[in-house]
Amino acid sequence: VENFRHYYHDADYVAQVGRLRRFLDENPDHADGHFLLGYHWVFLGYSEAAKREAYFAAAKRELSKSAELNPSDEWANRLLELVDGPRPASSPSVT
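Residues numbered from 1 in each chain as written. Predicted model: local features only at pLDDT ≥ 70, side-chain atom pairs only at ≥ 80, totals over all residues. Heavy atoms only, no water.

Enquirer: Requested: an account of the overall build of the protein, with residues and values cited.
Expert: Looking only at helices and strands, the protein has five helices and zero strands in total. Listing every helix and strand of the protein by position from the N terminus yields α-α-α-α-α. A fraction of 52% describes how many contacts in the protein between residues 6 or more apart in sequence connect residues 24 or more apart. Accessible surface, the protein: about 6700 Å² in total, of which carbon and sulfur atoms supply 52%. (Helix = DSSP H or I, 4+ residues; strand = E, 2+ residues; numbered from the N terminus. Contact = heavy atoms within 4.5 Å. Areas by Shrake-Rupley, 256 points an atom, 1.4 Å probe, with all protein chains shown as cover.)

Enquirer: Talk me through the packing of aromatic side chains; I want residue IDs and the actual numbers.
Expert: Applying the stated rule across the entire model yields one aromatic pair. Over the ring of W75 we find R78; its NZ or CZ atom is 4.9 Å from the centre of that ring. (Phe/Tyr/Trp six-rings, centres within 6.5 Å; stacked < 30°, edge-to-face > 60°. Lys NZ or Arg CZ within 6 Å of the ring centre and 35° of its normal.)

Enquirer: Please give an account of the packing of helix α2 (residues 12-26) against helix α3 (residues 31-43) that cites residues and values.
Expert: The contact between α2 and α3 brings their axes to 10 Å, and the two run at 145 degrees. Regarding α2 and α3, the two cross each other, and that crossing is left-handed. Side by side, α2 and α3 meet where Y13, V17, L20, R21 and L24 of the first sit next to G33, H34, L36, L37, H40 and W41 of the second. Classifying every residue of the contact of α2 with α3 by side-chain character gives seven nonpolar, three polar and one charged. (Axes fitted to C-alpha atoms, helices over the stretch in contact; angles between N-to-C directions. Left-handed = near helix turned anticlockwise from the far one by under 90°. Nonpolar A, V, L, I, M, F, W, Y, C, P; charged D, E, K, R; others polar.)

Enquirer: Describe the environment of L24, naming the residues involved and giving the relevant values.
Expert: Positionally, L24 belongs in helix α2. On a C-alpha basis, the gap between L24 and L37 in space is 9.2 Å, while along the polypeptide they are 13 residues apart. Contacts of L24, omitting those with residues within four sequence positions, involve H30, G33, H34, L37 and E62.

Enquirer: Please give an account of the pattern of salt bridges that cites residues and values.
Expert: A complete count under the given rule lists two salt bridges for this structure. Residue E62 is joined to R61 by a salt bridge in which the shortest nitrogen-to-oxygen separation is 3.7 Å. Between R78 and E74 there is a salt bridge whose closest N-O contact spans 2.4 Å. Note that R78 and E74 are positioned in helix α5 (residues 74-84) at a spacing of four residues, about one turn of the helix. Judged by its relative accessible area of 43%, R78 is partly exposed. Residue class for E74 comes out partly exposed when judged on its relative accessible area of 44%. (Salt bridge = Lys/Arg side-chain N within 4 Å of Asp/Glu carboxyl O. Buried < 20%, exposed > 50% of the residue type's maximum accessible area, 1.4 Å probe, protein only.)

Here it is as structure tokens:
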């Protein structure tokens with residue numbers, strides 16, 4: 001993992017991600033927690049394509065949940081576009 005070693009110098013990072021995942025298990029509607037976990041999956045920096053795809057799938061799942069819980073979160077939507085491509089524009093509501 002390229003970026004992990006650059007930014008985190010000890011194994012505490014793995015423990016912190018584990019704590020975040022447990023937090024989300026207990027608080028599944030916490031948009032910011034899903035955003036944070038998705039952000040980390042995107043920027044871990046795996047060079048192997050298979051691992052990168054797996055982490056992007058995890059990122060997509062977390063960022064989608066974050067955007068669903070907080071649709072106005074511009075950063076969640078931008079990161080989601082990064083891993084999933086541009087999102088279709090919302091259809092205007094008919095009144």
